[in-house]
Amino acid sequence: MISEFPLFVFTTLGGLSAGLVIAMALFPPAEKQERPWLAPLVALALLGVGMLGVLFHLKRPALFLLALRNPSAGIAQEAYCGIVLGLLLLALFIVSWRKGEAPKVLVWISAAVSLILTFIMGFAYVVNVGTVAWANWTTVPLFVIGDIAMGLALWAILAKEMLAKRPFVLATIVVLAVLALVMLLTGLHFGAVGNNALLIYAGLIVAGAGGIVVAVLAQKELASWQAGALVACVIVGVCLSRWGFYAASVI
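Note that the structure is a prediction, hence the values are computed from the model and not measured.

Undergrad: It is not clear to me how the environment of V234 should be interpreted in this structure. Could you clarify?
TA: Topologically, V234 is positioned in helix α9 (residues 224-246). Among the residues examined, V234 registers a relative accessible area of 1% and is labelled buried. Spatially, the C-alpha atom of V234 lies 9.9 Å from that of I205, the residues being 29 residues apart in sequence.

Undergrad: Any chance you could explain the pattern of salt bridges here in plain terms?
TA: It is possible for side chains of opposite charge to pair when their charged atoms get near one another. Applying the stated criterion to the full structure yields 1 salt bridge. For the salt bridge of D147 with R242, the shortest nitrogen-to-oxygen distance reads 3.2 Å. One end of the pair, D147, is in helix α6 (residues 139-158); the other, R242, is in helix α9, and 95 residues separate them in sequence. Here the two residues D147 and R242 agree in accessibility, since each one is buried.

Undergrad: Explanation requested: the packing of aromatic side chains in the structure shown.
TA: Aromatic ring pairs: the centre-centre distance and the angle between the two ring planes describe each pair. Tallying each qualifying case throughout the model produces 16 aromatic pairs. Seen from their ring centres, F27 and F168 are 5.2 Å apart, and the 85° between their planes marks the pair as edge-to-face. In this pair, F27 sits in the loop between α1 (5-26) and α2 (38-58) while F168 sits in helix α7 (residues 166-192), placing the two residues 141 residues apart along the sequence. Look at W134 and Y246: their rings are 6.1 Å apart centre to centre, the planes differ by 80°, and that puts the pair in the edge-to-face class. Linking W134 in the loop between α5 (104-126) and α6 with Y246 in helix α9, this pair joins segments that are 112 residues apart in sequence. An aromatic cluster of three or more residues is present, and its members are F5, F8, Y125, W134, F143, F190, W243, F245 and Y246.

Reading the values: the criteria
Residues numbered from 1 in each chain as written. Predicted model: local features only at pLDDT ≥ 70, side-chain atom pairs only at ≥ 80, totals over all residues. Heavy atoms only, no water. Helix = DSSP H or I, 4+ residues; strand = E, 2+ residues; numbered from the N terminus. Buried < 20%, exposed > 50% of the residue type's maximum accessible area, 1.4 Å probe, protein only. Salt bridge = Lys/Arg side-chain N within 4 Å of Asp/Glu carboxyl O. Phe/Tyr/Trp six-rings, centres within 6.5 Å; stacked < 30°, edge-to-face > 60°.

This is the structure in structure tokens:
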């Protein structure tokens with residue numbers, strides 16, 4: 001078990017939530033959804049469970065409250081941003097449930113906060129001088145691009161017509177290609193400073209190569225299994241690379 005497992009849970013589930021909101025803003029459904037409240041609810045649930053990882057990381061609620069008193073601390077910034085995003089997602093869920101759709105302005109504000117949260121998640125490790133492998137410029141894009149990739153894949157499940165849209169598929173392929181490049185550069189850096197990069201490379205193959213293959217196939221002939229295969233490849237691949245990333249903290 002990696003020593004930073006609670007943070008792995010937070011950044012993976014919280015990042016998936018943030019990525020989903022970004023995908024919702026970038027690729028709104030062309031037609032009115034039967035359950036427009038579902039995506040905000042899923043995002044809220046993922047964020048809520050992810051935020052529990054912050055509490056378990058600090059082990060005692062009192063320490064969490066103490067950390068909030070230091071705005072310069074990465075964990076406090078993540079908590080503040082996560083709380084704001086949670087309130088926005090709650091508002092999105094309520095409005096979507098009662099009115100059948102959410103105002104675009106509210107969706108875009110939520111997406112902006114989501115993007116900030118993904119950046120904060122990555123930057124918190126760049127400034128961690130205790131782990132040399134983390135203090136690299138690839139850390140921030142590893143989190144940001146990884147979260148967006150997961151969000152796009154999950155959005156393909158929740159908004160079923162997305163894979164039939166060429167702009168969405170092309171955007172997914174580009175994001176996955178960039179993610180694969182970032183994983184490669186991160187892995188090379190890990191190896192250069194003496195850390196095992198095997199899981200990061202495994203994530204590159206599963207998320208990058210696997211996800212791109214599925215997305216390319218979706219352009220040729222849309223099948224029911226493709227959305228599930230896409231989300232499986234991307235989430236499993238990002239989890240593998242992120243587990244490998246946190247493993248650098250094991251002494």
